[in-house]
Amino acid sequence: MATPDPLYFMCPSLQDYFVDKDNGAPLSAGIVTFYRDESRLVKKSVYQQERVPPVTGAYKFTALPNPMVLSSVGTFVDTNGADIIPYFYPWVNAPTDPASDPGAQDLYYITVESSGNINQFNREAWPPGASDNPSTTDNFSDTDNILSNPQFVEVNFTGSTSISVSGIGTYTEIAPDWTIETSGSGTVVVDQIAITNDPVPSNPPYVLDITVPNLSAPLLLRQRLYNSPRLLTRNFMSGYFVVQSQDGLQHNISLNYRPYGLGPTVICQQNIPSSGYVSVAGTIQATNFSLVAASTAWMDILISIPINSHIRISSAQVVGVENITSSTPFIQQSTARQQDHLYHYWEPRLKLMRIPSHLTAWDFLLNPQQWGGIIGPIAVGGPNTAFYAWDQTIIHQTVDASVAVSLNTGGELTLTPNQPTQIGILQYLTGYKCKDILRNALYDGLSTAIKISSNLNINVNVSLWYTKNVNLPVLASGGSNLVAKGSSFVSTMLANGHPGTVVAGWIEIPFVVPHNQTKLVSSDLIQRQIDYIFWKYPTLTLTEISLSTYFAIFVGTSQLLNGTVIYVDAISLVPGEIPTLPAPQSQDQVLRESQYYWETSYASKTGYGVINQPNPVVLDQDSSFGAPYPVTYGYLTPSYGAVPYQQVKVKPPIVKTYSNFTGVYNDVTAVLDSYNTIGGHTFSALDVILLDYYYIYYNSIRGFNIAPIGAAPFPYVFPVDVTAANTILRTNAALIFHYYSDARLGVV
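Computed from a predicted structure; not experimentally measured.

Caption draft 1: Representation of the overall build of the protein in the model. Within the protein, the secondary structure is distributed over 6 helices and 47 strands. Rg of the C-alpha trace for the protein: 43 Å, well past the compact-globule value of 27 Å for 748 residues, more than 25% over. Reported as C-alpha extents along the three principal axes, the dimensions of the protein are approximately 165 × 60 × 60 Å. When each of the 748 residues of the protein is scored for burial, the buried share is 49%. Counting contacts in the protein only where the partners sit at least 6 residues apart, residues at least 24 apart contribute 72% of the total. When the accessible surface of the protein is split by element, carbon and sulfur atoms take 55% of a total near 34000 Å². Computed over 35 positive and 53 negative side-chain charges, the separation of the two mean positions in the protein equals 5 Å.

Shown next as structure tokens:
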């Protein structure tokens, strides 16, 4: 037998026609009155459906007169005489727009009379078939589940775990996005149970097993929805979860929502039986909300679990639905999809998994600061000038002599302007490092993270650049002035901190949209990480990369007021689209990376010209005693010496020496040590101007050599305290000095 096609519908009655019970004539001007069936003296409204133009498919319902007077031919008409079909609303509460809870069933009692008030017939409990549980869309959801990890597929513990809690309003994270909120003292026990063959509603792969001790208030299993203070406000919120008692007792469990700063509202609750999994569901209108900015506020979803209970729970769900009669079963997802929805939870943790940065020494606590930790203000000679402050750290200033650089007690790079100015922090890279960064820009993308704080609100802007120019702008070292100063590749700055004009030949790596290149650093002095993402740069070619010579990162600020203090903990540049701070390194690693550009025999942060510093360079020289000179003299014959660098350099460096005995710039000290049988060691030292007796005849990326000048006086004579009874047994001569080797990029 064929089954009727469900796509076809029987035609309902299109018109109601009333006749007189005695003669069968049309019930002209008959009277129809509508009452409550439960209270037959109380009238109950019926409604007319009306179109709401110009919205397509939009309708409203308007109450009709009660009683209604039929037409001259015994049909229903409205106040304008138009033929209509009345609509019933068989519920206790009056209808609202938007629709709200209709309440319990409330049927009609209807009387039909002639125009002379002669009763024709009555109808009770009308309309037939109206459900006790009204639902126009029983299986409808307006949103996806707003909760993540609803079936506890990921937890932060292994096996049965005991958690000691105490205090009022104590929060303990037990799973990604799930926290228990407790008041009182005791031991909460949690476990993740994999479901095998149990016929559990909603088919969860896991349930959370939780034992609540005798606390002072119910335990709240909480998920906090950040930046969502008005989620589903004034719309309809349908809740669902499955739960089972594990201790043979009944327990009242409820699902609630709690807006920021307000109390909780019950979505659904049930006194669950002593055994077996049950589904708990319900729908409410979300009228409780918080008028607070999303950047500050949140909304909590809470499952209230009574004290002294042991339950298992899963499939927590909150969805938006169309109206108060709507509900939806649990929206099932695979374990993998639930894990996918946890990226927001893992993202900040991924960013904390630091990876090596392309930049050198910009984890500023570890920056060696080889030529001193306190610099400036530096007068360069005009606006938009720059100077080297720390290793691989150039400071650009829009106003000359406007910023001091120091080391904060927490290890941060500290920038303090003494007048209104803008500041840029700059680092150049070259060679294979430049090309490696550009390859990342082509294939992988680049990301920058900055950990920074300030005592005043400022804007920070990051930009990446490269060039094929042969030379960098000049930062002259100025003889013994180790703070090289002059020009950077930035000529002017925009108000947001981005370079305005740059030296010809410099090309910016595009910044990704819609990410914001300029970020606010608030004035609360809290060190925060701000992130920048430079996506792939597909127009960059391998040929362009091969021709590149230098790379630069520029971190600029908005205008800074006098009294501003900026603390920069670290700046990174990493491959890919997840910004992370620089990976941990030892001080030795960072020092060696910095020595690629600058090296000194002095200890880091030691000012040059300081005498009697440890570990000077000692180069042995030929020495003699006696003839052809008087017995009271020893002498040194200048000879060659080699000084290998501790670290290979990026380019052949500038080399300068310092006498360790006088601190005189560009000097070495000649030393003679004689030994006799009575007086023992006799030490003599005399300054020797390097260029008078020696010259640096070979300087490479691996070291330098000292050679005697051919026309130098020969030999170099030292007086020796000798008497007839003191026989000189031997003499030793040496050159003793400190040096620096300067291969900083951009320095002459």
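Next, the rest of the story.
Caption draft 2: Broad picture of the environment of Arg702. With respect to the helices, strands and loops of the structure, Arg702 is situated in the loop between strand 44 (694–699) and strand 45 (703–708). When its relative accessible area of 61% is taken as the criterion, Arg702 is described as exposed. In the structure, Arg702 is positioned 251 residues away from Lys451 in sequence and 35 Å away in space, judged by C-alpha atoms. Discounting chain neighbours no more than four positions away, the residues touching Arg702 are Pro644, Tyr645 and Val648.

Caption draft 3: Representation of the packing of aromatic side chains. Applying the stated rule across the entire model yields 31 aromatic pairs. Both rings, one in Phe34 and one in Tyr108, keep their centres 6.4 Å apart while their planes meet at 85 degrees; by these two values the pair is edge-to-face. Remark: Tyr108 occurs in strand 6 (residues 108–113) and Phe34 occurs in strand 1 (residues 31–36); sequence separation between them is 74 residues. Measuring from centroid to centroid gives 6.2 Å for Tyr695 and Tyr697, while their planes differ by 70 degrees, and the two rings are edge-to-face. Here the aromatic residues Trp371, Tyr388, Trp598, Tyr602, Tyr658, Tyr665 and Tyr740 are joined through ring pairs into a cluster of three or more. If you follow Lys44 out to its NZ or CZ, it ends over the ring of Tyr108, 5.3 Å from the centre. Lying across the ring of Trp371, Arg744 places its NZ or CZ 4.6 Å from the centre.

Caption draft 4: Up close: the side chain of Ser454. For Ser454, the position within the fold is in strand 25 (residues 446–454). A distance of 2.7 Å separates a polar atom in the side chain of Ser454 from the backbone oxygen of Leu456. A polar contact of 3.4 Å, which involves the side chain of Ser454, links it to the backbone oxygen of Val565. Once you skip the residues sitting within four places of it in the chain, Ser454 turns out to touch Val521, Ser522, Ser523, Asp524, Leu525, Thr564, Val565 and Ile566.

Caption draft 5: Fine view of the nonpolar core. Residues Ile450 and Ile571 are the most contacted members of the largest nonpolar core, which totals 74 residues. Ile450 has contacts with Val460, Val462, Arg528, Gln529, Ile530, Tyr532, Val555, Val568, Ala570, Ile571 and Leu581, leaving out every residue within four places of it along the chain. Leu147, Leu221, Leu232 and Ile303 belong to the second-largest nonpolar core, a separate cluster that totals 42 residues.

Caption draft 6: Representation of the side chain of Ser357. Note that Ser357 resides in the loop between helix 2 (343–352) and strand 20 (385–390). Exposure remark for Ser357: the relative accessible area of 19% places this residue in the buried category. Among the polar contacts listed, one links the side chain of Ser357 to the backbone nitrogen of Leu359, at a separation of 3.1 Å. Excluding its chain neighbours within four sequence positions, the residues that come into contact with Ser357 are Ile571, Ser572, Leu573, Val574 and Pro582.

Caption draft 7: Broad picture of the pattern of salt bridges. Using the criterion set out here, one finds 15 salt bridges in the structure. For Arg224, the salt bridge identified is with Asp300, shortest N-O distance 2.7 Å. On the criterion of sequence distance, the pair formed by Arg224 in strand 13 (residues 219–226) and Asp300 in strand 18 (residues 298–305) is long-range, its members being 76 residues apart. Note that Asp340 and Arg337 form a salt bridge whose closest N and O atoms lie 2.7 Å from each other. Of this pair, Asp340 and Arg337 both sit in helix 1 (residues 335–340), 3 residues apart, roughly one helical turn. A relative accessible area of 41% places Arg337 in the partly exposed class. In this structure, a network of salt bridges that share partners links the residues Glu181, Arg224, Arg258 and Asp300.

Caption draft 8: Here's a closer look at the sheet that holds strand 40 (residues 641–644). Here we have 3 strands laid out as an open sheet, ordered 40-45-44, and antiparallel in their pairing. Of all strands in the sheet, those with a lone pairing partner are strand 40 and strand 44, marking the two edges. Adjacent strand axes in the sheet meet at a mean angle of 25 degrees when their direction is disregarded. Here strand 44 runs beside strand 45; their pairing, made up of 5 bridges, is antiparallel. Along strand 45, the bridge assignment pairs Ile696 with Ile706.

Caption draft 9: The arrangement of the sheet that holds strand 13 in detail. With respect to topology, 6 strands assemble into an open sheet ordered 9-10-13-18-15-16, the strand pairing being antiparallel. Looking along the sheet, the strands with just one partner apiece sit at the ends: strand 9 (170–175) and strand 16 (265–272). In this sheet, adjacent strand axes meet at a mean angle of 25 degrees when their direction is disregarded. In the sheet, strand 9 pairs with strand 10 (residues 178–182) via 5 bridges, with the strands oriented antiparallel. Its bridge partner lying in strand 10, Thr172 is registered against Ile180.

Caption draft 10: View of helix 5 (residues 587–595). When helix 5 is considered as a whole, its buried residues turn out to be Val590, Ser594 and Gln595. The buried residues of helix 5 all sit within an arc of 140 degrees when viewed along its axis, so they share a single face. Against strand 37 (598–600) lie the buried residues of helix 5.

Caption draft 11: Looking closely at helix 3 (residues 431–443). With 13 residues, helix 3 should cover 18 Å at 1.5 Å per step; its first-to-last C-alpha distance of 19 Å lies within 8% of that length. At the exit of helix 3 stands Gly445, carrying a positive phi of roughly 85 degrees.

Caption draft 12: Highlighting the environment of Gly703. Note on placement: Gly703 falls in strand 45. Among the residues examined, Gly703 registers a relative accessible area of 8% and is labelled buried. The spatial distance from the C-alpha of Gly703 to the C-alpha of Ala685 is 26 Å, given a sequence separation of 18 residues. Those residues in contact with Gly703 that lie beyond four places of it in its chain are Val643, Pro644, Tyr645 and Tyr698.

Caption draft 13: Structural view of unusual backbone geometry. Residue Pro67 is bonded to the preceding Asn66 through a cis peptide linkage, with omega at 10 degrees. Tracing the backbone through its elements, the reader meets Pro67 in the loop between strand 4 (59–63) and strand 5 (68–69). In this chain, Trp126 is followed by Pro127 through a cis amide linkage whose omega measures 5 degrees. Inspection of the secondary structure assignment puts Pro127 in the loop between strand 7 (119–126) and strand 8 (161–165). One non-glycine residue with positive phi stands out, namely Gln392, at about 50 degrees. Structurally, Gln392 is set in the loop between strand 20 and strand 21 (393–397).

Criteria and cut-off values
Residues numbered from 1 in each chain as written. Predicted model: local features only at pLDDT ≥ 70, side-chain atom pairs only at ≥ 80, totals over all residues. Heavy atoms only, no water. Helix = DSSP H or I, 4+ residues; strand = E, 2+ residues; numbered from the N terminus. Rg over C-alpha atoms; globule rule 2.2 N^0.38 Å. Buried < 20%, exposed > 50% of the residue type's maximum accessible area, 1.4 Å probe, protein only. Contact = heavy atoms within 4.5 Å. Areas by Shrake-Rupley, 256 points an atom, 1.4 Å probe, with all protein chains shown as cover. Lys, Arg positive; Asp, Glu negative; His and termini not counted. Charge placed at Lys NZ, Arg CZ, Asp CG, Glu CD. Phe/Tyr/Trp six-rings, centres within 6.5 Å; stacked < 30°, edge-to-face > 60°. Lys NZ or Arg CZ within 6 Å of the ring centre and 35° of its normal. Polar contact = N/O pair within 3.5 Å; in protein donor to acceptor, adjacent residues only side chain to side chain. Core = buried A, V, L, I, M, F, W, Y, C linked by side-chain atoms within 4.5 Å. Salt bridge = Lys/Arg side-chain N within 4 Å of Asp/Glu carboxyl O. Pairing = 2+ DSSP bridges. Axes fitted to C-alpha atoms, helices over the stretch in contact; angles between N-to-C directions. Arc of directions from axis to C-beta. Expected span 1.5 Å × (residues − 1).

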